[in-house]
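Next come the chains, spelled out residue by residue.
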Amino acid sequence: MVSQNSTIGFIGLGAMGQLMARRLINSGFRLVAYDHTSRKTAALVVKGAVPAPSVRQLAKKSEVIISCLPNDKAVLSVYQGPEGVLACANPGTTVIEMSTISPDTSRELHRMGIERGIEVLDVAISGSTPAAESGTLTLLGGGDAKVFDECQPIFSAIAKQYFLLGPSGSGTTMKLVVNALLGLNMQAIAEAVAFGEKAGLDRKLLLEVLAKTAVVSPAHQNKLLRAQRDDYSPQFPLKLMNKDFRLILDKAAELGAPMPATAAALQINAARTSVNGDEDFSIVISEMERLARVHQSSRPASLISRLKAVSAR
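Reading the values: rules and limits
- Residues numbered from 1 in each chain as written.
- Predicted model: local features only at pLDDT ≥ 70, side-chain atom pairs only at ≥ 80, totals over all residues.
- Heavy atoms only, no water.
- Pairing = 2+ DSSP bridges.
- Helix = DSSP H or I, 4+ residues; strand = E, 2+ residues; numbered from the N terminus.
- Contact = heavy atoms within 4.5 Å.
- Axes fitted to C-alpha atoms, helices over the stretch in contact; angles between N-to-C directions.
- Buried < 20%, exposed > 50% of the residue type's maximum accessible area, 1.4 Å probe, protein only.
- Polar contact = N/O pair within 3.5 Å; in protein donor to acceptor, adjacent residues only side chain to side chain.
- Phe/Tyr/Trp six-rings, centres within 6.5 Å; stacked < 30°, edge-to-face > 60°.
- Core = buried A, V, L, I, M, F, W, Y, C linked by side-chain atoms within 4.5 Å.
- Right-handed = clockwise from strand over helix to strand, strands pointing away.
- Parallel < 35°, antiparallel > 145°, perpendicular 65-115°, else oblique.
- Left-handed = near helix turned anticlockwise from the far one by under 90°.
- Nonpolar A, V, L, I, M, F, W, Y, C, P; charged D, E, K, R; others polar.

### As for the sheet that holds strand β1 (residues 7–11)
(1) Moving on: Here 8 strands make up an open sheet; going across it, the order is β3-β2-β1-β4-β5-β6-β7-β8 and the pairing mixed. Each end of this open sheet is capped by a strand with a single partner; those strands are β3 (50–51) and β8 (159–166).
(2) Moving on: Bridge count between strand β7 (residues 137–142) and β8: 6 bridges; the pairing is parallel. Counterpart to L137 in the pairing with β8 is A159.
(3) Moving on: Contacts from helix α2 (residues 38–45) reach β2 (30–34) and β3, with the element oriented near 165° to β2.

See below:
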């Protein structure tokens, strides 16, 4: 049974990982941390984490291992091979893999873990950085029910609610379902906003009132209010939304499930990514406004634009 006396190894200290790891430390867990960027590990050591020089050392010291990484390639690089988690962790270790990846990858990790006596859960995250900071995430799990139940002290420290959807791969499958709606609804909202502005509605009032209507989900309400200030600083970067769109469409093609609206939304996102993929995925509002020629952003010019201006003098 997982308890606060359990040693947790945390791999991947990006925007979400850093915040979840801090909550675990604040909840009293002993935490060993690793990230390929040493400064991210150092920031967590200040909060009480013990640094690990390698994945191998982290795996050997941990009873539970959590990873939160950007894509399938990064996940496989951490878990596979003679220096990877599955080769170095002790039998009986529990892995909570929280990255948004292909369900096929989740199932492969689970299969490899069973061969080593290691239980691997796929526990995908629904929620962005504000929810991670406040501990109000929603977790979507796949794997063994008994192991999932044993990990509830960890889930309670970082999430408001958590669900077991079924066997291995079910958590990441549900995350793709959720993110299909997240991205599609953002595109629909962006089109509606540009349409309203083009029809002569005051932009500030349009965004404020739309955020209060029943048709806009809580996940998108704050995006509209931030858009009033042309604030598209990343809570969930556009490039990650696009990565998820591609995972969704690849799986849909494999299953024979047509998703034409998702495919169209990816094209708009991809066009904006060529400008800057590090902005929040709600930047699609600005992109649709640009295409409709209705709003000139008041945000400061980008570094590239400023450099171009200097070189043109």
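### Considering the environment of T136
(1) Moving on: Note on placement: T136 falls in the loop between α7 (129–134) and β7.
(2) Moving on: Its relative accessible area of 37% is what places T136 among the partly exposed residues.
(3) Moving on: If we skip the residues at most four places from it in the chain, T136 touches A131, I158, A159 and K160.
(4) Moving on: At 2.8 Å, the side chain of T136 forms a polar contact with the side chain of S134.

### With respect to the environment of K160
(1) Moving on: Inspection of the secondary structure assignment puts K160 in strand β8.
(2) Moving on: Remark: the alpha-carbon pair of K160 and L137, spanning 23 residues in sequence, is separated by 5.6 Å.
(3) Moving on: Non-local contacts of K160, meaning those with residues more than four positions away in its chain, are made with G135, T136 and L137.

### Remarks on the packing of aromatic side chains
(1) Moving on: Tallied over the entire structure, the rule returns 4 aromatic pairs.
(2) Moving on: Their ring planes at 50° and their centres at 5.5 Å tell us that F155 and Y162 sit as a pair that is tilted.
(3) Moving on: A relative accessible area of 24% places Y162 in the partly exposed class.
(4) Moving on: Measuring from centroid to centroid gives 5.6 Å for F236 and F281, while their planes differ by 65°, and the two rings are edge-to-face. Here F236 is found in the loop between α12 (218–228) and α13 (238–255), whereas its partner F281 is found in the loop between α14 (260–273) and α15 (284–292), with 45 residues between them in sequence.
(5) Moving on: Judged by relative accessible area, which is 16%, F236 ranks as buried.
(6) Moving on: Ring pairing ties together the aromatic residues F148, F155 and Y162, which thus form one cluster.

### A look at unusual backbone geometry
(1) Moving on: With phi around 55°, D230 is a residue other than glycine that occupies positive phi space.
(2) Moving on: The phi dihedral of R293 falls on the positive side, at around 60°, and the residue is not glycine.
(3) Moving on: Residue classification places R293 among the exposed residues on the basis of a relative accessible area of 76%.

### Regarding the nonpolar core
(1) Moving on: Judged by nonpolar contacts, the single largest core of 35 residues is most densely connected at L24, L31, I96 and I154.
(2) Moving on: The element contributing the most residues to this core is helix α1 (residues 15–26), with 6 residues.
(3) Moving on: Dropping the residues within four chain positions of it, I154 is found in contact with V2, I8, L24, F29, V64, I66 and I96.
(4) Moving on: Core analysis: the second largest hydrophobic core is formed by 31 residues, L176, M186, I189 and M241 among them.

### Structural notes on the pairing of β2
Every regular strand shows the same layout, with side chains that alternate between the two sheet faces.
(1) Moving on: Of all 5 residues that make up β2, 4 are buried, and the element is covered over most of its length.
(2) Moving on: In terms of strand pairing, β1 meets β2 through 5 bridges, oriented parallel. Considered in β2, the bridge of I11 is made with Y34.
(3) Moving on: Between the parallel pair β1 and β2, the chain is carried across by α1, and the sense of this crossover is right-handed.

### Quick word on the packing of helix α10 (residues 170–198) against α13
(1) Moving on: At their nearest, the axes of α10 and α13 sit 10 Å apart, and the two run at 125° to each other. By the angle between their directions, the pair α10 and α13 is classed as oblique. Handedness of the crossing formed by α10 with α13: left-handed. Note on element contacts: α13 touches α10 through M241, D244, F245, L247 and I248, opposite L176, N179, A180, L182, G183 and L184.
(2) Moving on: The class makeup of the residues in the contact of α10 with α13 is 8 nonpolar, 2 polar and 1 charged.

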